[in-house]
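Read off the chains here:
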Amino acid sequence: MKVLFLGPAASGKTTLVWKFGDYLKEQEIDVCRVNLDCAVKMLPYKPDFDVREFFTLESIMQKYNLGPNGALMKSIELIFELQENILNFLKDFEISLIDFPGQLELAIFHPLKLSELFKEKGVAVFLLPADLLQNSKDYVFLKLINLAVDYRLDMPCVHVVSKSDLLEECMLRKKEIEDDFTAQLMEIIEKSQSAQRLVCVSPLKEKGFEELYSLIHEAFCTCGDME
Ligand SMILES: Nc1nc2c(ncn2[C@@H]2O[C@H](COP(=O)(O)OP(=O)(O)OP(=O)(O)O)[C@@H](O)[C@H]2O)c(=O)[nH]1
Ligand SMILES: [Mg+2]
């Protein structure tokens, strides 16, 4: 099973791959961690597969004479060129946690779709960081981005609230709808996504891992009951 972590910059993808990976290891699950972020300098975990062994942001910028954003977009092509290496490596593991850069453009604005690489036994986990959920407009905005990612990728996509230790400070639970337009958008979001219970994770506090693991498994459930 391949689990692709996507979400806004600094939403906690890397910390989740690190801590959730440790949790799965403790449960004696055969897990590997994959870093596909060629721009990252320091990682808190030791990746089992690291794209930086093949290229880095700087090497791409230099070789192709690109700026940082162009180089990150180019990295997707280079990741696709490594397709065989990556998939061969992953096939030996029960579950692979795939850490991805925070620039969501890479997932939704690149002609090469990430799902082409990971759709076989793959699931995307979209992170909704609690610190960006201050009110219902924030929630609707993030869910629209989540919907765009889900729509763009041809693979199951679940969502989780990340950094949930910050949730109490935000207003998500109050659910006051601020205006008619927000209410209309909320309705569209609720209609267009399959029902999924709300799962909250806090990698830093090591909470929510069991629920996340069940959610990922349910994403494959052909009976489709995700209530
Ligand atoms: N309060 C809180 N902070 C967290 C949690 N998880 C991560 N963070 C913090 O959020 C910041 C970003 O975390 P990362 O894991 O690097 O986020 P990321 O999504 O990988 O970031 P990019 O790869 O740069 O997009 C760091 O300062 C983390 O310590 C959490 O559960 N709670
Ligand atoms: Mg990261």
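Before reading on, note that the structure itself is shown above.
Here the residue index of a chain counts from 1 through its sequence in written order. Numbering of ligands from 1 and lettering of chains from A proceed in the order in which they are written. Note on the predicted model: pLDDT of at least 70 is required for a residue's local features to be given, and 80 or more for side-chain atom pairs to be given and counted; whole-chain, interface and lining totals, by contrast, use all residues.

Caption draft 1: Structural detail: the environment of Leu127. Secondary structure follows DSSP: runs of H or I at least 4 residues long count as helices, runs of E at least 2 residues long count as strands, and numbering of each begins at the N terminus. Tracing the backbone shows Leu127 in strand E5 (residues 122–129). Residue Leu127 is classed as buried on the basis of its C-beta count, with 25 C-beta atoms lying within 10 Å. In the structure, Leu127 is positioned 34 residues away from Val161 in sequence and 5.9 Å away in space, judged by C-alpha atoms. The contact partners of Leu127, leaving out residues within four places of it in the chain, are Phe5, Gly7, Ser11, Gly12, Lys13, Val160 and Ser162. Residues with at least 20 other C-beta atoms within 10 Å of their own are called buried, those with 12 or fewer are called exposed, and the rest are partly exposed. The C-beta atoms themselves are positioned from the backbone. Here the contact rule is simple: place C-beta atoms from the backbone, and any two residues whose C-beta atoms are within 7 Å are in contact.

Caption draft 2: Just the sheet that holds E5, in detail. In short, DSSP must find at least two bridges between two strands for them to pair. Pairing is parallel across the open sheet formed by six strands, whose spatial order is E3-E2-E4-E1-E5-E6. Sheet topology places strand E3 (49–50) and strand E6 (157–162) at the edges, where each strand pairs with a single neighbour. Both strand E1 (residues 2–6) and E5 contribute to a ladder of five bridges, which runs parallel. Its bridge partner lying in E5, Val3 is registered against Val123. Only C-alpha atoms enter the line fits that serve as axes; for helices the fit covers just the stretch in contact. Angles between N-to-C directions range over 0 to 180 degrees. Contacting E1, E5 and E6, helix H7 (residues 136–152) crosses the sheet at an angle of about 165° to E5.

Caption draft 3: Quick look at helix H8 (residues 180–192). Any helix carries an expected span of 1.5 Å times its number of residues minus one. The terminal C-alpha atoms of H8 lie 18 Å apart, and with 13 residues this matches the ideal 18 Å at 1.5 Å per residue to within 8%. The element H8 is barely covered by neighbouring structure, given that only one of its 13 residues are classed as buried.

Caption draft 4: A look at the site of ligand 1. Within the structure, ligand 1 sits among 18 residues, and Gly12, Thr14, Thr15, Gly102 and Leu204 are positioned closest to it. Under the convention adopted here, Pro, Cys and the residues Ala, Val, Leu, Ile, Met, Phe, Trp and Tyr are nonpolar, Asp, Glu, Lys and Arg are charged, and Gly plus all remaining residues are polar. Class assignment of the residues belonging to the shell around ligand 1 gives a composition of six nonpolar, seven polar and five charged. Nearness rests on one distance test: the residue's C-beta atom, set from the backbone, must lie within 6 Å of the molecule or strand.

Caption draft 5: Quick look at the nonpolar core. Defined on buried residues, the nonpolar core groups Ala, Val, Leu, Ile, Met, Phe, Trp, Tyr and Cys residues joined through C-beta atoms within 7 Å. One finds Leu4, Phe5, Ala124 and Val125 to be the most contacted residues of the largest nonpolar core, which totals 53 residues. Considering every element that reaches this core, the biggest residue donor is E5, with six residues. In this view, Val125 contacts Val3, Leu4, Phe5, Val158, Val160 and Ile216; residues no more than four positions away in its chain are not counted.

Caption draft 6: Just the pairing of strand E2 (residues 31–35), in detail. Burial analysis of E2 places four of its five residues in the buried class, the great majority of the element. In this sheet, strand E4 (residues 95–99) lies alongside E2 in parallel orientation, the contact comprising five bridges. Note on E4: the bridge partner recorded for Cys32 is Ser96. Two strands pair when backbone bridges link them, and E2 and E3 are joined in this way by two bridges, in the parallel orientation. Among the inter-strand pairings, Asn35 is bridged to a residue of E3, identified as Asp50.

Caption draft 7: Highlighting the packing of H7 against H8. Viewed as axis vectors pointing N to C, H7 and H8 meet at an angle of 40°, and their least axial separation amounts to 10 Å. Between H7 and H8, the angle falls in the class oblique. Here H7 and H8 pass one another in a crossing that is left-handed. Residue-level contacts link Ser136, Lys137, Val140, Lys143, Leu144 and Leu147 of H7 to Thr182, Leu185, Met186, Ile189 and Ser192 of H8. Here the contact of H7 with H8 is composed, by residue class, of six nonpolar, three polar and two charged. Any angle from 65 to 115 degrees is called roughly perpendicular, while one under 35 is roughly parallel, one over 145 is roughly antiparallel, and all others are oblique. Crossing handedness follows the turn of the near helix against the far one: under a right angle anticlockwise gives a left-handed crossing, and clockwise gives a right-handed one.

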